[in-house]
Each structure stands twice: as C-alpha cells, then as structure tokens.
Amino acid sequence: MKKARIGIRGKTIFLILLMGISLGAVLIGMTASILSTIVRNDYENKVLDICKNASFAIDGDELGRLQEKYREVLFAIPDSEWVLSDAWGSPEFESFLSKFESLEETPEYKDLYERMTVLLEANDVDDIYLCGIDNTCQPVAFYLVDPAPGEDQCRIGTLDPLYYENSESLLADPTVGFLPYTTDTPEYGWLVTGGVAVFDSSGNVAGYILADISMESIMREIDSFIQKLVLAVVLITAVTITLYMLAIEHMVIQPVKKLAQSASVYLSKDTEETEKHSFRELSIKSKDEIGDLYEAICRMEENLNAHIASVMEMTAEKERLGAELDVAARIQEALVPAGFQVFSEENRVDVFGAMVPAKEVGGDFYDFFRIDHDHLGLVMADVSGKGVAAALFMAVTKTFLQSRTMMGGKPEEIMADANRWLCANNQAGLFVTVWLGIYEISSGEILYVNAGHEYPVRMANGVPFVLRTENDPPLGTDEDLEFTGRRMALAKGEMLALYTDGIPEAKNAEGKRYGMDRMKAALEEKLTARDAVEGLESDLNAFVGDADPFDDVTILCLVRK
C-alpha cells in the first residue's frame, strides 16, 4: 500500500505552526519568570532598605530593656500555657496577651511605640514593627511594638512560630536578621516581609525591626499583563503565520515547483541533450523568486564583509578603551600612598595598606599623610558605585580631604566642610562613606569621625575586636549634616585596622560571605601592619577562589610601636 504523500506546503504549515506555538510559549514563560523575579527582588531590596534606614531611629539599649521585661513576664508563664498566633482572637489567646498589658505602660514601650508610629507614617509599608526571637522552649518570634491600627496590630506578647525558610540561619546567627521572604495567603494576599537586627551600645542584638510591604496590586497587574500578552502573542502568531505562508507560497513553493518540473523535463531528455544542458552550467540571472534569492545571497556576502569590518573596528576601539582604563588604573594606584617604610623607620608607628579594585578602577581608597611632626592623617572611604564615575569621585574626595585636613581643625569640622563641598559639586548623585582620624604619634591618641563607614577593628594583646559606635550619615547626602567627633588611644603594640565592606561581604563560588568572624581571625596575633594586611589578603583570596570580585577590597593597618 502506498504511503500518503505530504507535500511541502503541508510540512511548511506544520513546522511554522509548531515554531510559532513554541516561541510564543517560551516568550510568555520567560517574560512571566523574569518580570516576577525582578519585582520580587525589587520589593525584597526595598523592605531591607526601609528596615536598615529605620533602625537608625531605634534606641537599641531601650529596645533591649523592653525585651528583658518582656522575657521576665513570658518565662513566668509555663511553656505549656503559651498560646501562639495560630489561635488569634480566641479567649485563650486574649487571656495570654493580657499578661503583657502592663508592659504597654513602661517608658520604653511608649517611646518605641511613638517612634514606630512615625516610621509607619513616613514609609510606604503596610506595617513596620519590633520583635525578638527565642529558642529556649521552642523557636518563636515575639512581637514587642507594632503601631499598626485596629485589628491588624500584633499586640505585645504575640508569639509566632519560626517556620519560614530562613529561620535556621537566623537562629544560628541572630545578626543576619530576617532575610526577605514572600508569602501569598487568602487573608493578606501577596506580602513581602524582611527585617534587620537592632544592636545595643555593646554591640549585642537587642531585637529586630521588620516591615511588611503588600505586593497584591503589582502581582495582579502582572497576571493581567500576562493574560494580555498571551492574547497578543496568539493574535500576532496567527497573523504572522498567515502572512508568512502567503509569502512562502509566492517566493519559495511556486519556484520550487517550477524547478521540480524542469528537473522532470531534464530527466526525460536523452543523454546527448542532457550533457548539453548540465545544471553545473546553470546561471540564475532571471528576476523571479529564485533570482531574488540569488541576489539576496550576494547582498548577504556584502553585508557580512561590512559586518566583519565593523567588528574589527569595534575590536580596535575596545582595545583602545582597555588601554585607557589601564592608564586610569595606574593613575589611581599612584593616588594611593605607598611610602609605608617612611613611617616605619621612625620606630614610632607602623602603617601598611592595600587596595584591589573589583573592576579596572574602583571607588574605594585609603590615605595616610603627615600633618606635622607629631600628627598623622588617616582616611578610609568607599564611594557608592563602581567603575570610572566612582573612581573620579574618589579622586576629588581624597584630594579635598587631605588638603582640608592639612589646614587644621577637628575631624568633625573637616568632615562638615568636605560634605558641604561634595554636596555642592555632586551632579552624579554619588555619596561616600568615610572614616577620618587624626593620630597623635607621641601619645597614641586618635580623634576620629565615622561617616557611615564600616566599624574599625582594634587589636589588643593579639586579640581583635570591633569598635562599634553610632555612625554619622555618609558624605554627599545632605549639605546640612553635622558630625560627631570621637576619640580613642592606642597602647604600644596595639593595632587599628580600617577596611571597606568589600572584605566582610566578599563571596566565594558557593555564594557564602567572608564575614567579620573570619576577617578578625585572619588579623589575630599579627604583630606588624604588613603581616596583618598580607595575611588578610592571602586568606581572602583563598576563600574567594575563582569567583568574580564582589566589590573593591581595601584595608589599612596602623600599629603603635
């Protein structure tokens, strides 16, 4: 039995239809996935940014005292009588919460409630609240202050079981805070939640500030957009397939049929006539569809040659830009001081630093310079962003800070002048975190200001510890900022390490962070500034491995001899 014959027209229709459906499905799927991922990442970053900024308005010591009072009441209740938020609204739940009502009259609660109310009104969030965690009897989060109005408020004492995906990392390391997570419930719809730790003056976690942001409207818009996209893709695919088939019929199928007919005629001719009309000698010069294809191939070759020439030109331009970036990198490297031995030879202070940009040029910098015979200026800074723009901002900031420090004055006065100057000349909208200190060589005393920068590490008797203070805002954000001067004194043999966030936040190929604990361990028992810097660099390189640089890496160490 002869098999059914499927012509080229049927095969073409089937393949085009299959291709249209496949491409449409891939387009819709990729669009939905990418759009949802972008929106979720944006909202997760937004909730963390809001919590980080709001944490500056919270007194960590006050929060710690409120939490201690809360725990006294909580642990006076047998854990078998604890009622979790799953029983919300029940008599047992209300009875349990009534045991904490007296805490609402404490000064700590009233002050924190007032602050949180202001933060709720000032930020675009559904709720922002303070809580703590406990794993003594069972892993729970307990609400301390929630300014949400009406029934949405979680009163002090409300217990939530810790069951979300990042609870294990939070219980293992309370400083990581509540990493953002998204939920979709019938009651609240799409909601993204996240929070950060609030530290007391001793550097301990006093509690957490969390925020909820509704994603319901944006997720509905995404669903509506996907539905419209599906309809549009279906219509466009149908129209495209119809037009494409008409074009294929006119430009390909009919000419192919004519060629097939010509081939049949060729086969019907005798040998001598066939030899006189060989296909090898065929030259297509007619202006029909096959002739257009022949002309198109010729034009394609011309376009390809033109494209190759364009690629070669772009390659040369890229090499030129690369050479210019190499020069810029060498210029930036020259801006960073390298005369470590000048100070070490005086046998009064040992100083050493290093800077490794994440790209060809970066926005980090350190600086040290002599102010007079007994004073040394110390600077560690990190410009927002990376690349050429950050490097230029870094250069002007470094120059102004050094020249202004040489003019004299307290660190807080110097920082105020630098901030005003940067705000007046900051069309790019960049900002810079700065640690500025004036070190008195004879006494070891350091007067300093920390404008939003990482906390320094001080090493005494070979043991490093972090110097946590309440930081001032970065430079370049508000020209009316005022700065707080602080002081410390290094004993002989003690070390001060200044660094940028590119070190503790560096990631390896598995996405794990280097972290403060490992950084302090790398500095431990180092006796000289060079040993500390080179030891830290070696350990950091071993940790990061072949992973791409996460951020600029900069460190400066000073040892009082």
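Description of the structure in this document.

About the criteria used
- Residues numbered from 1 in each chain as written.
- Predicted model: local features only at pLDDT ≥ 70, side-chain atom pairs only at ≥ 80, totals over all residues.
- Heavy atoms only, no water.
- Helix = DSSP H or I, 4+ residues; strand = E, 2+ residues; numbered from the N terminus.
- Buried < 20%, exposed > 50% of the residue type's maximum accessible area, 1.4 Å probe, protein only.
- Contact = heavy atoms within 4.5 Å.
- Areas by Shrake-Rupley, 256 points an atom, 1.4 Å probe, with all protein chains shown as cover.
- Core = buried A, V, L, I, M, F, W, Y, C linked by side-chain atoms within 4.5 Å.
- Patch = residues over 30% accessible without salt bridge, like charges linked within 9 Å, V, L, I, M, F, W, Y side chains within 5 Å.
- Salt bridge = Lys/Arg side-chain N within 4 Å of Asp/Glu carboxyl O.
- Disulfide = S-S within 2.5 Å.
- Polar contact = N/O pair within 3.5 Å; in protein donor to acceptor, adjacent residues only side chain to side chain.
- Axes fitted to C-alpha atoms, helices over the stretch in contact; angles between N-to-C directions.
- Left-handed = near helix turned anticlockwise from the far one by under 90°.
- Nonpolar A, V, L, I, M, F, W, Y, C, P; charged D, E, K, R; others polar.
- Arc of directions from axis to C-beta.
- Pairing = 2+ DSSP bridges.
- 1 Å grid on protein atoms, 1.4 Å probe; cavity = no way out; pocket = protein on both sides within 12 Å on 5 of 7 lines; lining within 4 Å.
- Points joined across faces, edges and corners; volume = space filled by probe spheres on them.
- Phe/Tyr/Trp six-rings, centres within 6.5 Å; stacked < 30°, edge-to-face > 60°.
- Expected span 1.5 Å × (residues − 1).
- Lys, Arg positive; Asp, Glu negative; His and termini not counted.

### Here we look at the overall build of the protein chain
Link 1 in the chain: In terms of regular secondary structure, the protein chain is built from 13 helices and 16 strands.
Link 2 in the chain: Counting only residues that meet the buried cut, the protein chain has 41% of its 561 residues in that class.
Link 3 in the chain: The long-range share in the protein chain, meaning contacts at least 24 apart out of those at least 6 apart in sequence, stands at 67%.
Link 4 in the chain: Carbon and sulfur atoms provide 55% of the accessible area of the protein chain, an area that totals close to 31200 Å².

### Things to note about the nonpolar core
Link 1 in the chain: In terms of nonpolar packing, the biggest core is built from 50 residues, with Ile 58, Tyr 70, Phe 96, Ile 128, Leu 159 and Ile 209 touching the most fellow members.
Link 2 in the chain: In terms of residue count, helix H1 (residues 8–55) provides more of this core than any other element does, eight residues in total.

### Looking at a nonpolar patch on the surface
Link 1 in the chain: Taken together, the side chains of Val 26, Met 30, Ile 34 and Ile 38 make up a nonpolar region of the molecular surface, amounting to roughly 380 Å² of accessible area.
Link 2 in the chain: Note that Ile 34 resides in helix H1.

### Quick notes on the state of the cysteines
Link 1 in the chain: Throughout the structure, instances matching the rule amount to zero disulfides.
Link 2 in the chain: Residue Cys 131 stays outside any disulfide, its sulfur separated by 9.8 Å from that of Cys 51, the closest cysteine.
Link 3 in the chain: According to the relative accessible area criterion, Cys 131 is buried, its value standing at 3%.

### Details of the pattern of salt bridges
Link 1 in the chain: Summed over the entire model, instances satisfying the criterion amount to 16 salt bridges.
Link 2 in the chain: The closest approach of N and O atoms between Glu 105 and Lys 110, which form a salt bridge, is 3.6 Å.
Link 3 in the chain: Glu 105 sits in the exposed class, given a relative accessible area of 55%.
Link 4 in the chain: Among the residues examined, Lys 110 registers a relative accessible area of 45% and is labelled partly exposed.

### A word on the environment of Tyr 143
Link 1 in the chain: Mapped onto the secondary structure, Tyr 143 falls in strand E2 (residues 140–145).
Link 2 in the chain: On the basis of relative accessible area, Tyr 143 is assigned to the buried category, the value being 11%.
Link 3 in the chain: Tyr 143 sits 16 residues away from Leu 159 along the chain, and the two C-alpha atoms are 6.7 Å apart.
Link 4 in the chain: Setting aside anything within four residues of it in sequence, one finds Tyr 143 in contact with Tyr 70, Tyr 129, Leu 130, Cys 131, Cys 154, Arg 155, Ile 156, Gly 157, Thr 158 and Asp 160.
Link 5 in the chain: Only 3.3 Å separates the side chain of Tyr 143 from the side chain of Asp 160, close enough to count as a polar contact.

### Some thoughts on the packing of helix H10 (residues 387–406) against helix H11 (residues 411–424)
Link 1 in the chain: The contact between H10 and H11 brings their axes to 10 Å, and the two run at 140°. Seen from above, H10 lies across H11 with right-handed handedness. Across the interface between the two elements, Phe 393, Val 396, Thr 397, Phe 400, Leu 401, Arg 404 and Thr 405 of H10 pack against Glu 413, Ile 414, Met 415, Asp 417, Ala 418, Trp 421 and Leu 422 of H11.
Link 2 in the chain: Among the residues forming the contact of H10 with H11, the class breakdown is nine nonpolar, two polar and three charged.

### Some thoughts on helix H3 (residues 91–98)
One full turn of an α-helix is made of 3.6 residues, so residues set three or four places apart face in the same direction.
Link 1 in the chain: Regarding H3, the residues found buried are Phe 93, Phe 96 and Leu 97. Projected down its long axis, H3 shows its buried positions confined to an angular sector of 95°, all on one face. Exposed side chains of H3 directed beyond 90 degrees from the buried face belong to Pro 91 and Glu 92.

### Considering the pairing of strand E8 (residues 364–372)
Link 1 in the chain: Pairing analysis gives eight bridges linking E8 to strand E9 (residues 375–383), with the strands arranged antiparallel. By the bridge assignment, Asp 372 is partnered in E9 with His 375.
Link 2 in the chain: Here E8 folds back onto E9 in antiparallel fashion, the turn holding two residues.

### Describing the layout of surface pockets
Link 1 in the chain: Size it by volume and the second largest pocket reaches roughly 1000 Å³.
Link 2 in the chain: Lining the second largest pocket are 33 residues, with Tyr 143, Asp 160, Tyr 188, Leu 191 and Asp 212 sitting closest to its centre.
Link 3 in the chain: Put simply, the parts of the chain that give the lining of the second largest pocket at least two residues each are strand E1 (127–134), E2, strand E3 (159–161), strand E4 (178–185), strand E5 (189–199) and strand E6 (205–214).
Link 4 in the chain: Looking at the lining of the second largest pocket element by element, the count peaks at five residues for E4.
Link 5 in the chain: Residues that form the lining of the second largest pocket fall into these classes: 17 nonpolar, six polar and 10 charged.

### Let's talk about the pairing of strand E11 (residues 445–451)
Link 1 in the chain: The buried fraction of E11 amounts to five of the seven residues, a majority that puts the element mostly inside the structure.
Link 2 in the chain: One ladder, built from six bridges, connects strand E10 (residues 432–440) with E11; its direction is antiparallel. Each residue of the ladder has a partner; that of Trp 435, found in E11, is Asn 450.
Link 3 in the chain: Adjacent in sequence and paired antiparallel, E10 and E11 are bridged by four residues, among which Gly 444 carries a positive phi angle near 80°.
Link 4 in the chain: Bridge count between E11 and strand E14 (residues 486–489): four bridges; the pairing is antiparallel. Within E14, the position partnered with Tyr 448 by the bridge is Arg 486.

### Some details on the packing of aromatic side chains
Link 1 in the chain: By the definition in use, this model includes 11 aromatic pairs.
Link 2 in the chain: On the numbers, 5.3 Å between centres and 85° between planes, the contact of Phe 178 with Tyr 208 is edge-to-face. Here Tyr 208 lies in strand E6 and Phe 178 lies in strand E4, a separation of 30 residues in the sequence.
Link 3 in the chain: For Tyr 208, a relative accessible area of 2% corresponds to the buried category.

### Let's talk about the sheet that holds E10
Link 1 in the chain: Spatial strand order, E8-E9-E10-E11-E14: five strands in an open sheet with antiparallel pairing. If you trace the sheet from one side to the other, it starts and ends with E8 and E14, each paired once. When the angles between neighbouring strand axes are averaged without regard to direction, this sheet yields 20°.
Link 2 in the chain: Running over the sheet, H10 touches E8, E9 and E10 and is turned about 15° from E8.
Link 3 in the chain: In the packing of H11 onto the sheet, contacts are made with E10 and E11, and the angle to E10 comes to roughly 150°.

### What to know about H11
Link 1 in the chain: Taking 1.5 Å of rise per residue, the 14 residues of H11 would be expected to cover 20 Å, and the 20 Å separating its terminal C-alpha atoms lies within 8% of that figure.
Link 2 in the chain: All of the buried residues in H11 are Pro 411, Ile 414, Met 415, Ala 416, Ala 418, Asn 419 and Leu 422.
Link 3 in the chain: In this structure, the buried side of H11 is in contact with H10, E10 and E11.

### Comments concerning the environment of Lys 386
Link 1 in the chain: Among the secondary structure elements, Lys 386 is positioned in the loop between E9 and H10.
Link 2 in the chain: For the pair Lys 386 and Gly 363, spaced 23 residues apart in the sequence, the C-alpha separation amounts to 5.7 Å.

### Considering the side chain of Glu 62
Link 1 in the chain: Positionally, Glu 62 belongs in helix H2 (residues 60–74).
Link 2 in the chain: One buried charged residue, Glu 62, remains without a salt bridge, the closest side chain of opposite sign being Arg 115 at 4.3 Å.
Link 3 in the chain: Excluding its chain neighbours within four sequence positions, the residues that come into contact with Glu 62 are Pro 107, Glu 108, Asp 111, Leu 112 and Arg 115.

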